[in-house]
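Spelled out from the first residue to the last, the chains are:
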Amino acid sequence: MIPLGLRLMISGGREAITRLIVLTAAVGLGVGLLLTAVAATNAVTTWNNRHGWFWTGTSALPPAPALPSARTAGVAPLWWHPSGDSFGRLAIDRFDVAATGASSPVPPGLAHDPAPGQYYASPALVALLRGNPAGELADRYPGRLAGTIGDAGLPSPNSLVIVIGRTPAQLAHTPGSVQVTSIAQKVPARDGGVDQGNVTGLNFTPPDGGGGKSAIDLILSVVALAILAPVLIFIATATRLSAARREQRFAAMRLVGATRRQVSQLAAMESIVAGIVGMVAGFGIFLLLRVPVAGIPFIGQPFFPQEIALSVPDIVAVAIGVPATAAAAALLALRRVRISPLGVTRRVTPKPPRAWRALPLLAGLADLGFLIVHGRPANATSDIPVLLLGFLLIIVGLIIAGPWLTMAVARVMARRTSRPGALIAARRIADDPKAAFRSVSGLVLALLVTTVAVVAITTQDAKDLTRWGSAAETNVVTDQLADASHDVGPVGSGNGPGPAAPAAPLTARLRGVHGVQGVLVVRAVQGLNIPAGYHGIGVNQGGLPSPTPAGVVSCAQLATVPALGRCPAGAATAAFPEDGFNGPMFGMDATAITWPAANVPTARLDSLGVDAINVATDGSVAAVETTNTVLETAPAYASGSPSSIAEMIGQDDSANNAYQQLANVVILVSLPIAGCTLAAAIAAGLADRKRPFSLLRLTGARLAMLRRVVALETAVPLLAGAVLAIGTGFGATAMYADLVMQHPLVAPGAAYYLITAGGVLAALGIIAATFPLLERITGPEVARNE
């Protein structure tokens, strides 16, 4: 039967050749998208693992063996001092290292540890260093550039990383330094907190530390559900191109004497050939998409093109699975031919779908509802499998329930309409609701994905997105020396309050920076507090919830930085929160605050240590970054963490921005895939309508009525499915927000409704584009040939 099957495929006329080409092209596109999605998930894992060495020496890792030990015998310790930096809203990972011997461990991407007076930087950071004045960035890093960090040590082409060589003596006397005998290989699972029991490690979190286990699981789950599912639906739709025509052809063979086995072999041969050729084309499409996809920052950063790769099991699974699935789909589609070929020829109506099809969808919603009713888990983000099961049931349930809903709507339309076009469309939909819904299932799923993504991100932003009450505040550069969260600073810096010394030289140097408008030095005073509910905080801001440790500031200096508040009339000094913007002032509009007067004479200020230095700027890049450089390199006061409030906002919102980018990519990928699914379904529908529509035209039906039938046959299941998908998306996201975000659902903005309406209108436009073909495929000669 194999030679006969090949002969029928090649010599079956233009229709057979066209069917094979279209099927092969559709399968190839689907396989290419599938391979790209799988490779992207592999790239996410690789990207995350590349952050592992950033966590070296931190308390997030298991405790290292004591030095010396049998395990570390023969390995010279490496002095390790991690810290963070920023340029604009870009985070920079900085590592000062000092090798104590030739066998000291070496960070990935380097051939050897940098010598004192040298540093290695990532290519992206080298471009920043060379593209900006030295006073804005390069002057922060001592020594000379000895080379670039290789790709093996970088998570992304855009990663900003620098490794600076020091002497062991320098780091041995620098707080925040630790000796290590190995470089970390994996990112720690930080879902339960940073401290994993390593009391000897540094309490430090890298600025770009990758994702924890729950974050990566969430990303991979989103890719699997929101991208792979539409791709699989597209492939399934593609394999059913001209399914009705194929049923008729094989039914005719059965009626003239072909056995079930022979028909099955012919169908399998046709599908396997198309599957194999499509699979080969899919690998070609994947290779073409690797570089463009690598440049898409769908987790906030682009990938290296070589990381968009497939594992051997991936390749084997696709190479075997695609032809096998195509053959299985072909055999499954011919079950009516094998059972009743005469029924196919006579167009016997298949059994209608039953109401049980709604059960999986209800089960998915019940899964989320059960968690809410029985209380939230202690750490909901660690219950990814339970949440994933719920959303998986919702997606599968939507596809399963779609035909039943379509049939119900079609029956209602048939009872309510009196127009012939609407009646014919309703009867055709009710006769085969599975086929009617299948054509729009991809778009319905895309609407569900879009709704969940947009509503979830909108709610997350409402809960966590950092906003500041005053635009002037965002231009203030702050350097918190007393902030415990910044206990690791650059080499030469201390922790806790700065020294008791006159700040006039540093203040004069800062005032000399173009764009600096004022400087406020916060001095440390033991036992000074701002009382809870202090009335000087604006009434709309509720006052301070508890007594707040404070430093003291000069009122003359505070007057030069009005964005941070003011002093009482006649006061020379005032109490000011020692934690500043990392404490009670986080996100607050301080311009209207009157801070309480302090009983500290101005003459005593120079004898006090320094809690923080705040510098008002005009917000320009040059002013902000030059100020950061001056503060970071000031020997007596450097803490390693100066940044503007705008930079703090950007870094605080970086995770939200990454999820927003992921949601954007999911939407932009799922909608075009849904469009491809709809196009494939329309191509199949045109072929399947040739005979019935040509017969209707012979009986006197007007072409305009047939166009209304075509439009209604797609619009009815599309609109019914869209209502179900959008409603389900809002309901599921509301439960997810209550369970995980612990925040009520926030309605999306106008952009969501425009995207949704645009997707539906685009689908209707694709349907309307087929109207000119109706006249050609429904002429009398078509009915005669049929």
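Details of the structure are given in the entry above.
Residues numbered from 1 in each chain as written. Predicted model: local features only at pLDDT ≥ 70, side-chain atom pairs only at ≥ 80, totals over all residues. Heavy atoms only, no water.

Asks: Break down the packing of aromatic side chains for me, citing the residues and quoting the values.
Replies: For the structure shown, the criterion picks out nine aromatic pairs. Ring plane angle 40° and centroid distance 5.2 Å describe the contact between W80 and F95, whose orientation is recorded as tilted. A residue pair is termed long-range when its members are at least 10 positions apart, and W80 in strand β1 (residues 78–87) and F95 in strand β2 (residues 90–99) qualify at 15 residues. An angle of 70° between the planes, with centres 6.1 Å apart, marks the rings of F391 and Y736 as edge-to-face. A residue pair is termed long-range when its members are at least 10 positions apart, and F391 in helix α12 (residues 384–416) and Y736 in helix α21 (residues 703–741) qualify at 345 residues. The exposure class assigned to F391 is buried, which follows from its relative accessible area of 16%. Residue Y736 is classed as buried on the basis of its relative accessible area, which comes to 16%. Among the aromatic residues, ring-to-ring pairing joins W53, F54, W80 and F95 into one connected group. (Phe/Tyr/Trp six-rings, centres within 6.5 Å; stacked < 30°, edge-to-face > 60°. Helix = DSSP H or I, 4+ residues; strand = E, 2+ residues; numbered from the N terminus. Buried < 20%, exposed > 50% of the residue type's maximum accessible area, 1.4 Å probe, protein only.)

Asks: Got a sec to walk through the pairing of β2? Specific residues and values, please.
Replies: Of all ten residues that make up β2, seven are buried, and the element is covered over most of its length. In this antiparallel pair of consecutive strands, β1 and β2, the connection spans two residues, and G88 shows a positive phi of 65°. In this sheet, strand β5 (residues 161–165) lies alongside β2 in parallel orientation, the contact comprising five bridges. Following the sheet pairing, D93 is matched in β5 by V161. (Pairing = 2+ DSSP bridges.)

Asks: Can you break down the environment of Q179 residue by residue, with the values?
Replies: Note on placement: Q179 falls in strand β6 (residues 178–180). As for Q179 and V97, which are separated by 82 residues in sequence, their C-alpha atoms are 9.5 Å apart.

Asks: Lay out the sheet that holds strand β11 (residues 610–617) in plain terms, naming residues and giving numbers.
Replies: The antiparallel open sheet is built from six strands, whose spatial order is β10-β9-β8-β11-β7-β12. Each of the sheet's edge strands pairs with one partner strand only, and the pair in question is β10 (573–577) and β12 (643–644). Pairing of strand β7 (residues 476–480) with β11 involves five bridges; the strand directions are antiparallel. Within β11, the residue paired with T478 across the bridge is N614. In the packing of helix α16 (residues 504–511) onto the sheet, the strands contacted are β8 (516–530) and β11, and the crossing angle to β8 comes to about 145°. (Contact = heavy atoms within 4.5 Å. Axes fitted to C-alpha atoms, helices over the stretch in contact; angles between N-to-C directions.)

Asks: Go over the side chain of D367, please, and point to the residues and values.
Replies: The residue D367 is located in helix α11 (residues 359–373) in this model. Residue D367 is classed as buried on the basis of its relative accessible area, which comes to 16%. At 3.4 Å, the side chain of D367 forms a polar contact with the backbone nitrogen of G390. (Polar contact = N/O pair within 3.5 Å; in protein donor to acceptor, adjacent residues only side chain to side chain.)

Asks: Summarise the pairing of β7; cite the residues concerned and give the values.
Replies: Most of β7 is tucked away, with five of its five residues classed as buried. Where burial is concerned, the two faces of β7 agree: the one with V476, T478 and Q480 and the one with V477 and D479 are both buried. Across two bridges, β7 lies against β12 in antiparallel orientation. Each bridged residue has a counterpart across the sheet, and for V477 the counterpart in β12 is S644.

Asks: Got a sec to walk through the packing of α21 against helix α22 (residues 750–768)? Specific residues and values, please.
Replies: One can describe the packing of α21 onto α22 by two numbers: an axis separation of 10 Å at closest approach and a directional angle of 160°. Comparing their axes, α22 and α21 come out roughly antiparallel. Where α21 crosses over α22, the two elements pack in a sense that is right-handed. Every residue of α22 that contacts α21 at V710, A711, T714, A715, L718, L719, I726 and F730 is listed here: Y752, Y753, T756, V760, A763, L764 and I767. In terms of residue class, the contact of α21 with α22 is built from 13 nonpolar, two polar and no charged. (Parallel < 35°, antiparallel > 145°, perpendicular 65-115°, else oblique. Left-handed = near helix turned anticlockwise from the far one by under 90°. Nonpolar A, V, L, I, M, F, W, Y, C, P; charged D, E, K, R; others polar.)

Asks: Provide a residue-level description of the pattern of salt bridges, including the pertinent values.
Replies: Applying the stated criterion across every chain, the model contains eight salt bridges. The shortest N-O distance in the salt bridge between R428 and E713 comes to 2.3 Å. Of the two residues, R428 is situated in helix α13 (residues 420–431) and E713 in helix α21; the sequence distance between them amounts to 285 residues. For R523, the salt bridge identified is with D606, shortest N-O distance 3.1 Å. Here R523, found in strand β8, pairs with D606, found in the loop between β10 and β11; they are 83 residues apart in sequence, far enough to count as distant. Residue class for R523 comes out buried when judged on its relative accessible area of 3%. Judged by relative accessible area, which is 39%, D606 ranks as partly exposed. Through salt bridges with shared partners, one network takes in R94, D96, R166 and E632. (Salt bridge = Lys/Arg side-chain N within 4 Å of Asp/Glu carboxyl O.)

Asks: Let's hear about the sheet that holds β5: which residues, and what values?
Replies: The sheet built from six strands is open, its strands ordered β4-β3-β5-β2-β1-β6 with mixed pairing. Of all strands in the sheet, those bounded by a partner on one side alone are β4 (144–148) and β6. Neighbouring strand axes in the sheet, compared pairwise and without regard to direction, differ in orientation by 35° on average. Note that β1 and β2 share ten bridges and pair antiparallel. Bridge pairing in β2 links L78 to A99.

Asks: Run through a positive patch on the surface, naming residues and quoting values.
Replies: Together, K351, R354, R411, R415 and R416 line one region of the surface with positive charge. With respect to the element layout, R411 can be found in helix α12. Residue classification places R411 among the partly exposed residues on the basis of a relative accessible area of 39%. (Patch = residues over 30% accessible without salt bridge, like charges linked within 9 Å, V, L, I, M, F, W, Y side chains within 5 Å. Areas by Shrake-Rupley, 256 points an atom, 1.4 Å probe, with all protein chains shown as cover. Lys, Arg positive; Asp, Glu negative; His and termini not counted. Charge placed at Lys NZ, Arg CZ, Asp CG, Glu CD.)

Asks: Residue-level account of the packing of α11 against α21, with values.
Replies: Between α11 and α21, whose axes approach to 9 Å, the crossing angle comes to 20°. With respect to α21, the element α11 is oriented roughly parallel. With respect to the hand of their crossing, α11 and α21 are arranged in left-handed fashion. Side by side, α11 and α21 meet where L361, L365, L368, G369, L371 and I372 of the first sit next to L724, T728, A732, M735, D738 and L739 of the second. Its residues assigned to classes, the contact of α11 with α21 shows nine nonpolar, two polar and one charged.

Asks: Describe in detail α13, supporting the description with residues and values.
Replies: Here α13 is twelve residues long and its end C-alpha atoms lie 16 Å apart, about the 16 Å a rise of 1.5 Å per residue gives. Those residues of α13 that sit buried are G421, A422, A425, A426, I429 and A430. Along the axis of α13, the buried positions cluster into a sector of 155°, meaning they face one direction only. (Expected span 1.5 Å × (residues − 1). Arc of directions from axis to C-beta.)

Asks: Give a detailed account of the state of the cysteines, specifying residues and quantitative values.
Replies: Applying the stated criterion across every chain, the model contains one disulfide. Paired through a disulfide, C555 and C567 show a sulfur-sulfur distance of 2.2 Å. The chirality of the disulfide connecting C555 with C567 is left-handed, given an S-S dihedral of about -100°. Taken together, the positions of C555 in helix α17 (residues 555–559) and C567 in the loop between α17 and β10 put the pair twelve residues apart, joining distant regions of the chain. The residues C555 and C567 share a single accessibility class, namely buried. (Disulfide = S-S within 2.5 Å.)

Asks: Requested: an account of α22, with residues and values cited.
Replies: For α22, built from 19 residues, the straight-helix expectation of 27 Å at 1.5 Å per residue is met to within 8% by its first-to-last C-alpha distance of 26 Å. Along α22, the residues classified as buried are Y752, T756, G759, V760, A763 and I767. Down the axis of α22, the smallest arc covering the buried residues is 85°, so these residues share one side. In α22, the exposed positions angled more than 90 degrees off the buried face are occupied by A750, L754 and L761.

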